[in-house]
Structure formats: structure tokens, C-alpha cells
Amino acid sequence: MIKNITDIGIMMSCFNEVKAVSFAIQNLRKFYPKNKIYIFNESNESYEFLLENDPNIKIKNDKDTMSFYYENNVSDVYLLPEFQIKIQDALLTFLDRICQTIEYAESEYLLLMDPDVLIRGVLNIPSNTNLLGSLRNSGVPLSTKKILSEIEGSVIINKWGATPAIFRVETFKKSYDKFLSTPNLLEKLTKSWSAFYAHDVIIPILFSLVGEREHLNNDFTECNTDFDWQTNGKKLVHHYKKYYDNVEVNFPFFKEV
């Protein structure tokens with residue numbers, strides 16, 4: 001059975017995408033007018049204007065955890081000690097932000113939303129489903145699968161794409177506790193695969209620790225891969241970069257939008 005998600009908190013990590021963040025929040029509020037939103041700002045830009053007429057937004061100006069990924073070819077350097085420190089810190093910071101959002105929102109579900117996410121309706125989730133994503137990526141390395149195979153109660157996954165992710169808060173807490181309590185798991189994972197800086201990898205792997213797989217979100221569509229994204233009626237749009245800088249150069253599929 002499919003149900004509407006109403007009891008949901010929203011977390012957004014952002015950098016300097018001020019126009020995109022403003023537009024994303026404006027559209028979200030059409031369908032979730034009072035749900036709590038926690039924004040983590042990693043830039044020097046100010047997002048305080050979002051608080052003026054919205055008492056259910058919280059903003060934290062936090063450290064930059066992502067820039068070094070864009071400045072380096074991570075697959076070449078991720079095993080170097082200085083990069084392991086950065087990757088592990090970024091991963092733990094991301095998970096801690098989720099915990100802060102959970103405490104703030106006090107909701108049954110959580111949506112991990114980026115500035116390039118467009119909400120076009122009330123979202124849905126099948127009953128007894130704990131994690132929704134796109135499942136558009138495949139090929140988890142054997143080294144990561146081996147780690148999962150050695151953890152009692154875990155499942156081995158090969159597909160992922162949990163950005164934007166929707167998940168049940170109680171299941172996240174259970175998986176996060178297992179992650180923290182499993183000896184040396186953080187170091188083992190970050191050394192097994194260069195992609196552990198990516199949020200859409202971290203969440204499915206975390207849930208797999210407690211036997212939960214990512215499920216396909218039927219509300220999901222993507223601007224740069226789905227030719228009919230404007231007309232298909234899907235409620236959760238990813239890669240909506242119309243309000244990013246240099247949109248016509250960097251994201252040409254928005255030229256006529």
C-alpha cells in the first residue's frame with residue numbers, strides 16, 4: 001500500500017547556490033508549508049533571509065566538507081593518509097548533521113534535499129519501506145561487499161542512488177548505531193572505495209548494515225537523463241539547476257526551460 005508522506009523533516013546541505021536554495025524552499029513550501037527544514041551552509045554566503053517569514057527553518061553555518069573533492073581526482077588520492085582524514089571527517093560530519101536534523105524535526109521520515117531538487121507534490125512511500133532512492137548507479141566494489149559480508153545481519157548491495165533520499169528515522173538510528181559500534185568500520189569502508197565522500201553511497205551502505213535495501217522511488221525523475229521530466233508528473237525532480245550560476249554553459253538542458 002502506498003501512503004502520502006506528511007510527517008517528514010527536511011535536511012539540505014548547500015554551498016553558494018543562493019538562488020537555487022531559495023527557489024527550492026519556495027516550491028517545497030507549496031506542499032509542506034510547516035515541516036521543519038534544517039539548512040547546513042558550507043559557504044560564506046548568507047541564507048538568513050530565509051528565516052524572515054518562516055519560523056520552521058533552522059540554518060547552521062558549518063565547515064566546508066566538499067570542496068576538496070572537486071579540486072582533486074578522488075579516485076587517485078583517496079588512500080593517502082591526509083585524504084582519508086578528510087573523507088572520514090566529511091562522512092562523520094554528514095551523519096552528525098542528519099542526527100541534528102532528526103532532533104530538530106522530530107518526524108517519522110527525513111528527506112535529504114540538495115539545492116538542485118524540485119518538489120512538485122506531496123511525496124509517497126510504500127508501506128514497510130525504509131529507504132527510497134533512484135537506484136541509478138551500480139557496481140559496488142568487491143572490497144566493500146566483502147566488508148558487508150562479514151557483518152552479521154547486513155545485506156550486500158550492488159545498486160544505489162539515494163540522492164535525494166527519503167528514509168524512516170527509526171531505521172536510520174538503528175543503522176547509525178550499528179555503524180558506530182562496529183570496530184574499525186569507518187576506516188575499512190573509506191579505504192575500500194573512493195566514493196565514500198558521496199551522500200548517495202553513504203546512506204544505502206549504512207542501511208545495508210541492518211539488512212535494509214534502497215527501494216526505487218517512483219516519484220523520482222532527473223532533468224539530465226529523462227527527456228519527459230517536465231511532463232511526466234513525477235513529484236521529486238533531481239538536477240534541477242535552472243537557478244545555478246552559468247546555467248546555459250554548465251547545464252545546457254535548461255536553455256529552453
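How each quantity is defined
- Residues numbered from 1 in each chain as written.
- Predicted model: local features only at pLDDT ≥ 70, side-chain atom pairs only at ≥ 80, totals over all residues.
- Heavy atoms only, no water.
- Pairing = 2+ DSSP bridges.
- Helix = DSSP H or I, 4+ residues; strand = E, 2+ residues; numbered from the N terminus.
- Axes fitted to C-alpha atoms, helices over the stretch in contact; angles between N-to-C directions.
- Left-handed = near helix turned anticlockwise from the far one by under 90°.
- Contact = heavy atoms within 4.5 Å.
- Nonpolar A, V, L, I, M, F, W, Y, C, P; charged D, E, K, R; others polar.
- Buried < 20%, exposed > 50% of the residue type's maximum accessible area, 1.4 Å probe, protein only.
- Polar contact = N/O pair within 3.5 Å; in protein donor to acceptor, adjacent residues only side chain to side chain.
- Parallel < 35°, antiparallel > 145°, perpendicular 65-115°, else oblique.

Novice: How would you summarise the sheet that holds strand 13 (residues 220-222) if you had to cite specific residues and measurements?
Specialist: In space, the 3 strands of this open sheet follow the order 6-14-13, with mixed pairing throughout. Only two strands of the sheet have a single partner each, and these edge strands are strand 6 (117-119) and strand 13. Averaged over all pairs of adjacent strands, the angle between strand axes in this sheet comes to 25 degrees, irrespective of strand direction. Relative to strand 14 (residues 236-238), strand 6 runs antiparallel, the two sharing 3 bridges.

Novice: An account of the packing of helix 4 (residues 81-105) against helix 6 (residues 169-181) is needed here, citing residue identities and associated values.
Specialist: Helix 6 packs onto helix 4 with a crossing angle of 145 degrees between their chain directions and a minimal axis gap of 12 Å. As for the relative orientation of helix 4 and helix 6, their crossing is left-handed in sense. Contacts between helix 4 and helix 6 involve L91, L92, L95, I98, C99 and I102 from the former and V169, F172, K173, Y176 and F179 from the latter. Split into classes, the residues belonging to the contact of helix 4 with helix 6 amount to 10 nonpolar, no polar and 1 charged.

Novice: So what's going on with the side chain of D226? Residues and values would help.
Specialist: With respect to the helices, strands and loops of the structure, D226 is situated in the loop between strand 13 and strand 14. Overall, D226 belongs to the buried group, its relative accessible area being 16%. Engagement of the side chain of D226 in a polar contact is seen with the side chain of T225, the distance being 3.4 Å. Contacts of D226, omitting those with residues within four sequence positions, involve R136 and T221.

Novice: Report on the packing of helix 6 against helix 8 (residues 199-208), specifying residues and quantitative values.
Specialist: Relative to each other, helix 6 and helix 8 sit at 85 degrees, their axes nearing to 8 Å. Comparing the axis directions of helix 6 and helix 8 gives the class roughly perpendicular. Residues T171, F172, S175, Y176 and F179 of helix 6 touch helix 8, and the partners they reach there are I203, L206 and F207. Residue composition of the contact of helix 6 with helix 8, by class: 6 nonpolar, 2 polar and no charged.

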